[in-house]
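A look at the structure
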Amino acid sequence: MFFPGTMRINDKGHLEIGGCDTTQLAQEFGTPLYVMDEELIRANCRLYRDTFARLYPQSQVAYAGKAFLTTAMCRLLEEEGLALDVVSGGEIYTALAAGFPAEKMIFHGNNKTPAEIQLALSSGVGCFVVDSISELELLEKLAAAAGKKVTIYLRIKPGIEAHTHHYIQTGQVDSKFGLGLADGQAFTAVVKAIKMPHLELKGLHCHIGSQIFDLKPFQLAAQVMMDFIAEIREKTGFLIQDLDLGGGLGIRYLCSDLPVSISNYLGTIVEAVQERAAAHNLPLPKLLIEPGRSIVGEAGTTLYTVGTIKEVPGVRQYVAVDGGMMDNLRTALYEAKYEAILANRALAPRKQLVSIAGRACESGDMLIWDIMLPPLVRGDLLAVLSTGAYHYSMANNYNRYTRPAVVFVQNGQADLVVKRETYEDLIRNDIIPERLQKKH
Ligand code: LLP
């Protein structure tokens, strides 16, 4: 097993996080419950921020809100001095509602709507990451109408795509995101952007993938982007000042996972940028990164109550819990794998091979295929680890299940940061047209 952050087993043999006994958390807040280890989130923010600043003074860490965003999370991020990568009007609204400074937001997205762009313009969002030539034109028009000059980065496809354990280098990347280098679109966009009176082209951005365990693709991407900055200067005389290398660092889901450390990752990209800057005789750009998963992923644990246990003779034992693909889409979507701990008998020997099923009407709704756990009974409390990133943020109401609550735990204190949805929440936006109203 592995025990991220403040997770430990207490003297009652119960799993404890942030000094809180998980069996008490389950009693107080119900299950399924997302438990976030606040100390670990803060430690990760600080490790990123301080290590990056030490290695490369002109640097900025922007947390990728898509991994997990609530108003309380925005408060924490501001306290820790991070900027914020947002991708929708909803994320901007959430951050603004929490009082997060608009100028520290970086606005991404491959199809920002005019309404979202207007919201970002009127609230003073610091930087727009423009994803296409079409968006460049739209943004210029809307910025002109608003009488504003806005700072932009261009999202570039560096021709490197990385996934968990491998990466590919291709000339022409088939992706809906960004402007191709190989097909000349990136350069065309640069030339256009420089001429646009209401846009100030300040930087370039790339993001090569997520849950990456290998340093090589990060190094290559940094090199390719620096080479492009040099090419732009040679051909146009224009100097790109900022380079945003996106997110993507992998985390531990299984005991066997061996992620790269945050400091090795930062060291690698810093070295690549410095080496290329020297080779091209370029001034060092301001460097940005956008980690999401590696800040919150291991800090999250989901607590479930065990319900029906079904033996399929000679095949497997299905243990159904009170959640599933509604609170964790990742197994169904990516065949993601997880570790789990029996939270109310955490020291019991793991003697039985079981599979953990969700309760959605969907055969693919499985949380864990094949895991060794102590023999389970109805009412047991199961903790699934590393569920802090892309779980709450991808939760849904399939089957009209209510989305779980989220608590932040630290120092023996548990604070609710998202209330559990109620049945009333489920029908809040439903409307029965006059002609369908029940006639008495
Ligand atoms: N920046 C950009 C532009 C991104 O698209 C992403 C993630 C990030 C930063 C943060 O990447 P991270 O550090 O979290 O790897 N739902 C998937 C992950 C999708 C990632 C999308 N973009 C999952 O659950 O694995």
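About the thresholds
- Residues numbered from 1 in each chain as written.
- Predicted model: local features only at pLDDT ≥ 70, side-chain atom pairs only at ≥ 80, totals over all residues.
- Heavy atoms only, no water.
- Helix = DSSP H or I, 4+ residues; strand = E, 2+ residues; numbered from the N terminus.
- Rg over C-alpha atoms; globule rule 2.2 N^0.38 Å.
- Buried < 20%, exposed > 50% of the residue type's maximum accessible area, 1.4 Å probe, protein only.
- Contact = heavy atoms within 4.5 Å.
- Near = heavy atom within 4 Å.
- Polar contact = N/O pair within 3.5 Å; in protein donor to acceptor, adjacent residues only side chain to side chain.
- Areas by Shrake-Rupley, 256 points an atom, 1.4 Å probe, with all protein chains shown as cover.
- Domains from an automatic or database assignment.
- Buried area = accessible area lost by both parts, 1.4 Å probe.
- Pairing = 2+ DSSP bridges.

A separate point is the overall build of the protein. Looking only at helices and strands, the protein features 12 helices and 23 strands. At 24 Å, the protein has a C-alpha radius of gyration in line with the 22 Å of a compact globule built from 440 residues. Across its three principal directions, the C-alpha atoms of the protein cover 70 × 65 × 45 Å. Counting over 440 residues, the protein shows a buried share of 53%. Counting only contacts in the protein whose residues sit at least 6 apart along the sequence, the fraction spanning at least 24 positions is 69%.

Around the ligand there are 18 residues in total, and Ser-210, Glu-290, Arg-330, Tyr-334 and Tyr-390 lie nearest to it. Glu-290 has a polar side-chain atom sitting 2.7 Å from a nitrogen atom of the ligand. A distance of 2.8 Å separates a nitrogen atom of the ligand from a polar atom in the side chain of Tyr-334. Protein coverage of the free-state accessible area of the ligand, which is 590 Å², stands at 86%.

For interface size, the figure often reported is the accessible area lost on association. Structurally, the protein comprises domain 1 (8-30 + 299-426) and domain 2 (38-293). Using only C-alpha atoms to locate each centre, domain 1 and domain 2 end up separated by 33 Å. Opposite the 18 residues of domain 1 that make contact, domain 2 presents 18 residues. Summed over both sides, the interface of domain 1 with domain 2 buries roughly 1,700 Å², with 64% coming from carbon and sulfur. It is Glu-339, Tyr-390 and Phe-408 in domain 1 that bury the most area against domain 2; as a group they hold 34% of the surface buried on that side. Between the two partners, domain 1 and domain 2, sit seven residue pairs in polar contact (both at pLDDT 80 or more). In terms of residues, the side of domain 1 that touches domain 2 owes the most to one element, strand E22 (residues 405-410), which gives four residues.

Right, let's talk about the pairing of strand E21 (residues 381-384) for a bit. Side chains Leu-381 and Ala-383 project from E21 onto one buried face, and the interleaved Leu-382 and Val-384 project onto a second face that is buried too. Here strand E16 (residues 300-312) pairs with E21 via four bridges, running antiparallel. Note on E21: the bridge partner recorded for Leu-303 is Ala-383. In terms of strand pairing, strand E18 (residues 340-342) meets E21 through three bridges, oriented antiparallel. Across the sheet, the residue bridging to Ile-341 is Ala-383, located in E21.

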